[in-house]
Amino acid sequence: MRKSSPQQEAIIIGGGFYGAAIAIYLAKQRGLKHIVLIEREPALMMRASYNNQARVHNGYHYPRSFTTAYRSRINLPRFVRDWPQVVKQDFVKLYAIARRNSKVTAKQFQRFCRDIGASILPADPALRALFEPRLIEDVFLVEEYAFDTTKLSSWAERELRESGVEIRYESRVVEISRGAEAPLEIVTESKFGVRDSISCSFVFNCTYSGLNQFKGEFSGVKAELKQEITEMALMQMPSALNGLGITVMDGPFFSLMPFPARGLHTLSHVRYTPHLNWNDVEGLDPYEKLKQYDRATRVDRMVRDVARYIPSLQSATYTDSLFEVKTVLVKNEGDDGRPIFFEKHQSLPGCYSILGGKIDNIYDVLETLDTEDLSVKPTRDMQE
Ligand SMILES: Cc1cc2nc3c(=O)[nH]c(=O)nc-3n(C[C@H](O)[C@H](O)[C@H](O)COP(=O)(O)OP(=O)(O)OC[C@H]3O[C@@H](n4cnc5c(N)ncnc54)[C@H](O)[C@@H]3O)c2cc1C
């Protein structure tokens, strides 16, 4: 069964942070009036925008990618200004440098922080005492925050409603093509298998792991993408670690970060968080692959290794795990950089694919969109 919906100015595919923020931007900053956001889940921000480490990056994480570190330094203050209600600042953030197998030394890390203008102080003895000195070279007090996706999602719902954006949940875009009535046409499929086609002037593909999964005339994105099934363990920290966020650098190491949406901490470990990976191709739907994955937790191995460095972690309590597909650009595998990916599809004028990389990169995306001509040429259908 197939029906046809009224023509729209813009279709946003994906109701994660990027799709929602772009829909709001188009309505509020660019004056577009008929916007539909299509999301396959039953609510906004249920995928990567929820299942992540909740870190508002401030550069520290990227000693191997100066550009990403530098952009984070510029974007963090903007994020805190624009979403004060979602940012958690009331915790102590430590970066520790491992003695062995680290890709940076403590001296190099300090120099790097100075170069990007990020605050770094020696941690006081009580905080250092949490770490095993034979394995940790140095411990620093830094400024880094966490975000609460539940609050971000409430913000998005409210703004989308006020902006008059129509949201269709539990519906998937399956095709993108050139249109007869308008420049583009998409086909959606509801969870009951009902198909609908919508003509529109612009399509914003904000599907993160799903960027390549469309039929029709969409021929995929130019960048090579790596898909990775990841696990972050949610833990109740013992009192010694409760008001802290800790990252041990840089290589085969780990992080404990507050996860404000659940009042817990995530524990992630470079060796155990990635469960499996593959190079993205059309037809191998990452969401289906995750659905079929058995999700056997590796929390025991994470805790065993991390407790060597931070013995008090041994008494943390495991609750459950966040499993998600992480999508990264293959070109950044070596340096761990997180630039945005922004493609304007030449063969489908008006169609854009966007991968944010990390939450604060929204500013880089919106600045790029600022330079795009998004004027809508009225068609007969729209004037009626
Ligand atoms: C394990 C992990 C840890 C991370 N840690 C951090 C961190 O600490 N800090 C940070 O800034 N970033 C982090 N990130 C990255 C961050 O989560 C992402 O950059 C951000 O959430 C991407 O937002 P998005 O809207 O593009 O993706 P998503 O939130 O995944 O939104 C895409 C949406 O598109 C929908 N969709 C997909 N295909 C279709 C379709 N065909 N039709 C309709 N809907 C569709 C999906 O259901 C989904 O809701 C992490 C990511 C992961 C996975």
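Quick caveat, the model's predicted, so the values are computed rather than measured.

S.K.: If you had to explain the layout of surface pockets to someone new, which residues and values would you point to?
M.R.: Estimates place the volume of the second largest pocket at around 390 Å³. Around the second largest pocket, the lining is made up of 19 residues, and of these Arg-40, Glu-41, Arg-47, Tyr-287 and Lys-291 lie nearest the centre. Here the lining of the second largest pocket takes 4 residues from helix α6 (residues 286–292), the largest share from any one element. Of the residues belonging to the lining of the second largest pocket, the class tally is 5 nonpolar, 3 polar and 11 charged. A domain-level breakdown of the lining of the second largest pocket finds at least three residues from each of domain 1 (2–47 + 150–220 + 345–383) and domain 2 (89–147 + 225–332).

S.K.: Account for the site of the ligand, with residues named and values stated.
M.R.: Looking at the ligand, there are 34 residues lining it, with Tyr-18, Glu-39, Ser-49, Arg-55 and Ile-359 nearest. At 2.6 Å from an oxygen atom of the ligand is found a side-chain nitrogen or oxygen belonging to Glu-39. Between Gln-53 and the ligand, the recorded distance is 3.2 Å, taken from a backbone N or O atom to a nitrogen atom. For the ligand, whose accessible area on its own is 1,000 Å², the fraction buried by protein is 97%.

S.K.: Hey, could you go over the domain arrangement of the chain for me, with residue numbers and the actual values?
M.R.: The assigned domain composition of the chain is domain 1 (2–47 + 150–220 + 345–383) and domain 2 (89–147 + 225–332). When each unit is reduced to the centre of its C-alpha atoms, the spacing between domain 1 and domain 2 is 33 Å. Residue-level contacts link 17 residues of domain 1 with 19 residues of domain 2. In this assembly, domain 1 packs against domain 2 so that about 1,400 Å² is buried in total across both faces, 48% of it on carbon and sulfur atoms. When the buried surface of domain 1 facing domain 2 is broken down by residue, Arg-47, Ser-209 and Gln-213 rank first, second and third, together holding 40% of it. The salt bridge partner of Lys-215 is Glu-282, with a shortest N-O separation of 3.6 Å. Where domain 1 touches domain 2, the interface holds 10 residue pairs in polar contact (both at pLDDT 80 or more).

S.K.: Describe unusual backbone geometry, and please don't skip the residues or the numbers.
M.R.: In this structure, Asp-250 follows Met-249 across a cis peptide bond, with omega equal to -15 degrees. Residue placement: Asp-250 occurs in the loop between β15 (244–249) and β16 (254–259). The residue Tyr-208 is not glycine, and still its phi comes out positive at about 55 degrees. Backbone geometry at Asp-336 places phi at a positive 65 degrees, although glycine is not the residue there. Assignment of secondary structure puts Asp-336 in the loop between β19 (317–329) and β20 (341–344). Here Asp-336 falls in the partly exposed class, since its relative accessible area comes to 26%.

About the criteria used
- Residues numbered from 1 in each chain as written.
- Predicted model: local features only at pLDDT ≥ 70, side-chain atom pairs only at ≥ 80, totals over all residues.
- Heavy atoms only, no water.
- 1 Å grid on protein atoms, 1.4 Å probe; cavity = no way out; pocket = protein on both sides within 12 Å on 5 of 7 lines; lining within 4 Å.
- Points joined across faces, edges and corners; volume = space filled by probe spheres on them.
- Helix = DSSP H or I, 4+ residues; strand = E, 2+ residues; numbered from the N terminus.
- Nonpolar A, V, L, I, M, F, W, Y, C, P; charged D, E, K, R; others polar.
- Domains from an automatic or database assignment.
- Near = heavy atom within 4 Å.
- Polar contact = N/O pair within 3.5 Å; in protein donor to acceptor, adjacent residues only side chain to side chain.
- Areas by Shrake-Rupley, 256 points an atom, 1.4 Å probe, with all protein chains shown as cover.
- Contact = heavy atoms within 4.5 Å.
- Buried area = accessible area lost by both parts, 1.4 Å probe.
- Salt bridge = Lys/Arg side-chain N within 4 Å of Asp/Glu carboxyl O.
- Buried < 20%, exposed > 50% of the residue type's maximum accessible area, 1.4 Å probe, protein only.

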